[in-house]
Each structure stands twice: as structure tokens, then as C-alpha cells.
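# Topology and contacts: notes
Each chain, written out:
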Amino acid sequence: MSRIRNFCAALLMVLLPIWSVPAAAVVNAMDPAPGATVFYPYFEVDLANSNGATTVMTLVNTSATAILGNVTIWSDWGTPVHQFPIYLTGYDVASWDMRNVLNGVRPQSASDGQDPTDAISKQGHYSQDINFASCTSASPTNAQLPLTTLGAGVVADIRAALTGTAVTNLPGITAGSCVSNAYGDQIARGYVTIDTENNCTTKYPSDSTYFTDDITHQNVMWGDYMLINPAAGTGQGGLATMLESRGYTVPFASGDYTYYGRFNGFTATDQREALSSHWIIHGDTDFTKIVAWRDPKTTIGIAGATCGTLPANQPLATDYANVVWFDSFPDDLTATAAFGSPLSKLAMSSTAPLSMPSVKKTGFFALGLDHTVAGVPTVGTQAVAQSMVLAVRQPRTGGLLGSRAMAFPVQQVMTPNAGFGRVIHN
């Protein structure tokens with residue numbers, strides 16, 4: 001564990017100067033530039049083994065201006081199950097272990113008003129430290145910094161929400177329902193988003209006024225994450241995905257497909273760029289797996305479904321004409337022969353690893369994960385759907401560190417036939 005954390009810290013110190021000043025970025029391209037939302041597409045925590053798999057996340061403020069972020073934990077059906085604020089002074093770095101969060105211990109931070117002596121969130125020589133008065137006391141609409149430890153009942157419900165068992169009392173979720181797939185392995189799975197915000201809100205991105213009252217459009221955040229398994233002695237690291245906002249430049253228009261579009265009727269009030277819909281992954285059938293996140297494009301099932309069943313819009317459709325494995329010659333193999341049926345079983349945001357085809361040893365995989373939902377905007381004549389595809393690689397034998405890298409995006413949902421978007425400067 002300590003070796004992996006030391007490695008992450010050393011890597012961060014090398015990379016931080018590169019990101020100290022936000023550079024020109026390209027809207028609607030998955031370029032590694034600071035964003036107003038950081039998307040960690042997958043995490044897992046082994047709840048049955050305290051020395052088993054967990055996920056360590058890092059968040060960086062690349063600007064001198066102090067910022068406030070809203071951390072949202074989502075189930076693999078795309079249901080928000082818990083949120084909390086996080087404050088960073090200028091050029092600050094925060095890191096936390098998701099195991100601690102699922103034990104009720106969240107990362108500690110506090111703005112200048114709650115931490116005047118800099119005992120919690122320290123101010124550097126070149127950084128700003130300001131007061132967010134909304135973080136001083138808890139209320140129905142405001143959270144309090146520094147964060148307190150979560151109670152046992154809340155912890156149990158968050159764990160239930162992430163393992164496919166019945167939830168008793170979480171905001172927005174019907175009591176007694178489930179909001180994730182049940183794999184029966186006591187591993188909590190999901191994903192995390194962090195949005196820049198202007199107050200210590202208690203709202204989720206699914207709340208009706210979240211995008212008009214709470215978020216900001218500061219393209220200054222950057223992140224990475226690492227899945228580690230101390231018991232197995234393995235780790236896989238990768239960059240988070242930074243989603244840029246156009247709220248301060250030429251805004252997205254109502255009807256555009258944005259990342260949070262399903263929560264605001266695709267009116268673009270979130271102003272976050274969407275992800276890609278088509279991906280290419282180079283693969284070796286001995287040690288490459290796929291993790292896929294898919295946008296349901298609706299809020300059906302967000303409040304839960306009867307445990308043991310799927311929401312009405314599941315499983316999401318899969319067009320196997322756009323899921324093809326190419327071997328190294330290059331001859332394409334039909335998707336049904338090469339891949340079989342697992343992709344058709346993906347729920348809202350599936351995070352179950354899928355093995356590469358075993359027909360050939362090396363090659364590449366092309367995936368188009370579009371699906372149609374009535375009323376959702378199309379681009380030209382195309383019905384599109386954003387997704388995220390990760391290539392997970394672990395050395396065959398005896399390797400400590402592997403990789404969990406974003407696949408290569410080849411088609412954006414907003415500009416499917418127009419290259420990689422438009423350049424902006426923030």
C-alpha cells in the first residue's frame with residue numbers, strides 16, 4: 001500500500017507543474033485538459049475484505065483561485081447515492097480512499113471561514129484561501145465543513161445502494177428498492193463526479209435547481225485514480241476524465257447533448273461537454289479487459305426498482321453491427337462470434353469487467369454504443385449516446401502495477417462527423 005501511494009505522490013509532483021496554468025482546450029474532445037467536472041468512471045471497494053480491493057482518488061486545483069467542489073457518488077445504474085463538498089485552496093491537492101468514505105470517513109477540508117488557522121486546508125505562498133460562508137453550519141440546503149463522520153445507518157444504506165441490496169433511507173431513493181446490479185460478491189461498485197460549485201450545497205445533479213443555482217463553470221480541476229488490491233499486491237492507475245464547461249465562452253444551446261442532459265431535459269443548463277460514443281481499444285486476449293459506462297439518457301429507474309429486477313428501460317440496446325473485433329491481419333470477426341452477449345446485458349452504467357474475445361491473441365476492438373431514447377436530441381440524422389470505455393491491463397505474471405486507460409475516442413456525440421470539436425481558451 002505504501003509503495004503504491006508513494007508512487008502516486010511522486011507522479012503527481014512531476015505532473016502538477018504541467019497543469020499549473022489551464023491551457024487551450026478543445027470542446028467536445030476527450031483531451032486531458034482541466035475541467036469544471038471531473039468524472040471518475042469506475043471505483044470498487046471489497047466490503048468483505050478490509051485488505052482487499054479499493055480505489056484511491058486524487059483531485060487537483062490547477063489554478064491559484066480557491067474552489068469548492070461537489071462530490072457525488074453514483075451507483076452503476078446512474079443513481080446518485082451520496083454527496084459532500086470538498087474545498088481546495090489555490091494549487092491544492094486532495095486525495096482519499098473510497099474504503100474510508102464507505103466506512104463513513106470522508107476527506108477533510110474547510111474554507112478560510114471554518115479554518116482560519118489553516119489547520120485543515122493550508123494556504124500556499126501563491127494560492128488563494130477564501131471563505132464560503134455557506135459551509136459554516138449545516139441546514140437542509142447546506143452541508144457543513146469540516147465534514148463529520150457518517151452514522152452507521154447512512155453507511156449501511158450507501159453500501160446497500162452500491163451492492164444491489166435494498167436501501168432503507170437515502171434521499172431520492174424509494175425505501176426498500178435497489179439502485180444497482182447485485183453481483184453477490186460484496187464489492188461496492190460505481191462512479192464519481194465532482195463539479196465546481198458556489199456553495200456547500202446538499203443537492204445532487206438530479207435536483208431541479210442544481211445547474212441554475214449551484215454549479216460554476218471554472219475549468220480548473222484535474223484528477224486521477226488508482227484501483228489497488230493490497231491482498232493481491234496489484235494496482236491499476238489511470239487519469240480521470242475532465243469535462244469542460246462552455247458556460248463562460250459560447251454556451252451550449254438548448255437541445256445540445258451535454259453530459260448531465262438527462263437531468264435538465266437536454267436544455268444544456270449544465271454546460272458540460274458530453275463524452276464520446278464510439279471507441280477503439282487495442283487488446284491482448286491474455287490480459288486486457290473492458291469496463292464500459294453508458295448513459296441511459298433518461299431518469300427512468302433513478303429512484304430504484306424492485307430488487308432482483310431491472311428498471312423499465314433496461315437492458316440498454318446494443319447494435320452489434322457497431323461492435324467488432326479485428327485481428328492483426330486485419331480481418332474482422334463478427335461481434336456475436338467474437339464477443340457474445342455480455343454487452344446486451346449492460347445496465348445504465350455497467351462496471352462489470354468484460355473479457356476481450358478469445359478467438360485471436362492480439363488485435364483491436366471497435367465499439368459503437370449508441371442507443372435510442374424517445375425525446376433525446378439527435379445530431380443531424382443520427383441518434384447518439386455518450387459512453388466511456390476503459391481498457392484494463394494487468395501484467396500476465398508477477399506484475400504489481402497495471403493500467404486502466406481510456407480507450408481511444410473516435411466519434412463525439414455532439415460532432416460525430418466533424419473531428420474533435422472547437423478550440424476554447426479559459
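Residues numbered from 1 in each chain as written. Predicted model: local features only at pLDDT ≥ 70, side-chain atom pairs only at ≥ 80, totals over all residues. Heavy atoms only, no water.

It is worth spelling out empty space enclosed by the protein at this point. Applying the stated criterion to the full structure yields two cavities of 30 Å³ or more. Its volume calculated, the largest cavity comes out at about 70 Å³. Forming the boundary of the largest cavity are W74, Y191, Y259, Y260, R262, F263, W293, D295 and Q386. Tallied by class, the residues present in the lining of the largest cavity amount to six nonpolar, one polar and two charged. (1 Å grid on protein atoms, 1.4 Å probe; cavity = no way out; pocket = protein on both sides within 12 Å on 5 of 7 lines; lining within 4 Å. Points joined across faces, edges and corners; volume = space filled by probe spheres on them. Nonpolar A, V, L, I, M, F, W, Y, C, P; charged D, E, K, R; others polar.)

Across the sheet, which stays open at both edges, the five strands sit in the order β5-β4-β7-β2-β10 with antiparallel pairing between neighbours. Of all strands in the sheet, those with a lone pairing partner are β5 (80-88) and β10 (241-243), marking the two edges. Shown here is a sheet whose adjacent strand axes are inclined to one another by a mean of 25°, direction ignored. Pairing of strand β4 (residues 67-74) with strand β7 (residues 187-197), which is carried by seven bridges, proceeds in the antiparallel orientation. By the bridge assignment, L68 is partnered in β7 with E197. (Pairing = 2+ DSSP bridges. Helix = DSSP H or I, 4+ residues; strand = E, 2+ residues; numbered from the N terminus. Axes fitted to C-alpha atoms, helices over the stretch in contact; angles between N-to-C directions.)

Next up on the list: the pairing of strand β12 (residues 288-294). Across the seven residues of β12, six count as buried, placing the element largely inside the fold. Both β12 and strand β17 (residues 387-393) contribute to a ladder of seven bridges, which runs antiparallel. Among the inter-strand pairings, I290 is bridged to a residue of β17, identified as A391. (Buried < 20%, exposed > 50% of the residue type's maximum accessible area, 1.4 Å probe, protein only.)

What follows deals with unusual backbone geometry. With an omega of -5°, the peptide bond between L145 and P146 qualifies as cis. The residue P146 is located in the loop between α2 (98-102) and α3 (152-161) in this model. We note that Q186 has phi near 60°; this positive angle belongs to a residue other than glycine. Turning to its location among the elements, Q186 is positioned in the loop between α3 and β7. Residue class for Q186 comes out partly exposed when judged on its relative accessible area of 42%. Here K297, not a glycine, exhibits a phi torsion of approximately 65°, which is positive. For K297, the position within the fold is in the loop between β12 and β13 (323-327).

Disulfide: a covalent bond formed between the sulfur atoms of two cysteine residues. As enumerated under the stated definition, the model contains two disulfides in all. Bridging C135 to C200, the disulfide has an S-S length of 1.9 Å. The chirality of the disulfide connecting C135 with C200 is right-handed, given an S-S dihedral of about 90°. Taken together, the residues C135 in the loop between α2 and α3 and C200 in the loop between β7 and α4 (210-213) connect sequence positions 65 residues apart. Its relative accessible area of 0% is what places C135 among the buried residues. Paired by a disulfide, C178 and C307 hold their sulfur atoms 2.0 Å apart. Its S-S torsion of about 95° marks the bond between C178 and C307 as right-handed, since a negative value means left-handed. Of this pair, C178 sits in the loop between α3 and β7 while C307 sits in the loop between β12 and β13, placing them 129 residues apart in sequence. In the chain, the bonded cysteines, taken in the order they occur along the sequence, pair up as 1-3, 2-4. (Disulfide = S-S within 2.5 Å.)

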